[in-house]
Amino acid sequence: MTAKRIIACLDVKNGRVVKGVNFLNLKDKGDPVELASRYEDEGADEIVFLDVTATIEGRRAMLEVIKNTASVLSIPLTVGGGIRTIDDVSTILANGADKVSINTAAVENKKLVTEAALQFGSQAVVVAIDAKLVNGEYIVFTRSGTYNTGLNAIKWAKEVEALGAGEILLTSIDKDGTRDGYDITLTRLISSAVNIPVIASGGAGKMEHFYEVLKVSDAALAAGVFHDGIIKIPELKRYLKTRGVEVRL
């Protein structure tokens, strides 16, 4: 059985880790290099670093911060935000990332996913899907949750798999930062539709939430509950182990 992964997420703005609710009202949570190092020491399986305003501000992700963060890690680092071209992918991987996360550009330029997978391998290409329930249908939003693409999230997940993505980072905008649990329905629908790993994101508030979502996903990502010390990763992993979930201790 493949071990389920616990992933710590660093949403970064102006070189600082921030966290909000439903992608809004961002508050400072600390230095990304310090937090990344701490989460690895605590037993996180991977770190995801998202430059949350790069796309909206029309710029690339901050390479110096990425390089410094990568330098303290031995676990995989995924970087997203402002990735628009194959050169952007190459630069971020060259600066220490193991994977790139592509969201807006994947929707606007599907060839980028395929090109990146061919050049660097599918294992290095994560497509991030930010979804929201609109009139009973899960719809894909881009540009940090500000733009309604009209795309059905389940159909889009199948398409990104066909394009060559090696993994999907699935965030429920409705659940983001609420701490009242992951969107299990959304996660189940996406996981059932594809054969590549799905990382569930958005809504972690207590250990039971991780247990529930890991029944229908390959990994669970969280940010605020780790930053604020509400959940400690070693305790979370021990809890999951006692519930029969295969995790790396």
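Please refer to the structure higher up on the page.
So, a few notes on the structure that sits alongside this text. If you're wondering where the values come from, they're calculated on a predicted model, not measured in any experiment. (Residues numbered from 1 in each chain as written. Predicted model: local features only at pLDDT ≥ 70, side-chain atom pairs only at ≥ 80, totals over all residues. Heavy atoms only, no water.)

### Digging into the packing of aromatic side chains
Okay, step 1: According to the stated counting rule, one finds three aromatic pairs in the structure shown.
Okay, step 2: Measuring from ring centre to ring centre gives 6.1 Å for Y39 and F226, while their planes differ by 55°; the resulting arrangement is tilted. With Y39 in helix 1 (residues 32-42) and F226 in helix 9 (residues 224-227), this residue pair connects regions lying 187 residues apart in the sequence.
Okay, step 3: Residue class for Y39 comes out buried when judged on its relative accessible area of 1%.
Okay, step 4: The buried category is assigned to F226, whose relative accessible area is 2%.
Okay, step 5: Here the aromatic rings of F210 and F226 are separated by 6.0 Å at their centres, their planes lie at 25°, and the arrangement is stacked. With a gap of 16 residues between them, F210 in helix 8 (residues 207-213) and F226 in helix 9 connect regions that are remote in the sequence. (Phe/Tyr/Trp six-rings, centres within 6.5 Å; stacked < 30°, edge-to-face > 60°. Helix = DSSP H or I, 4+ residues; strand = E, 2+ residues; numbered from the N terminus. Buried < 20%, exposed > 50% of the residue type's maximum accessible area, 1.4 Å probe, protein only.)

### Concerning helix 2 (residues 63-71)
Okay, step 1: Every buried residue belonging to helix 2 is among V65, I66, T69 and A70, and all of these are buried. Buried positions in helix 2, seen along its axis, are confined to an arc of 130° and lie on one side of it. More than 90 degrees from the buried face of helix 2, the exposed residues found are E64 and S71.
Okay, step 2: If you follow the buried residues of helix 2, they end up packed against helix 1, strand 4 (46-51), strand 5 (77-80) and helix 3 (86-94). (Arc of directions from axis to C-beta. Contact = heavy atoms within 4.5 Å.)

Functional significance is not addressed by these values, which are geometric in nature.
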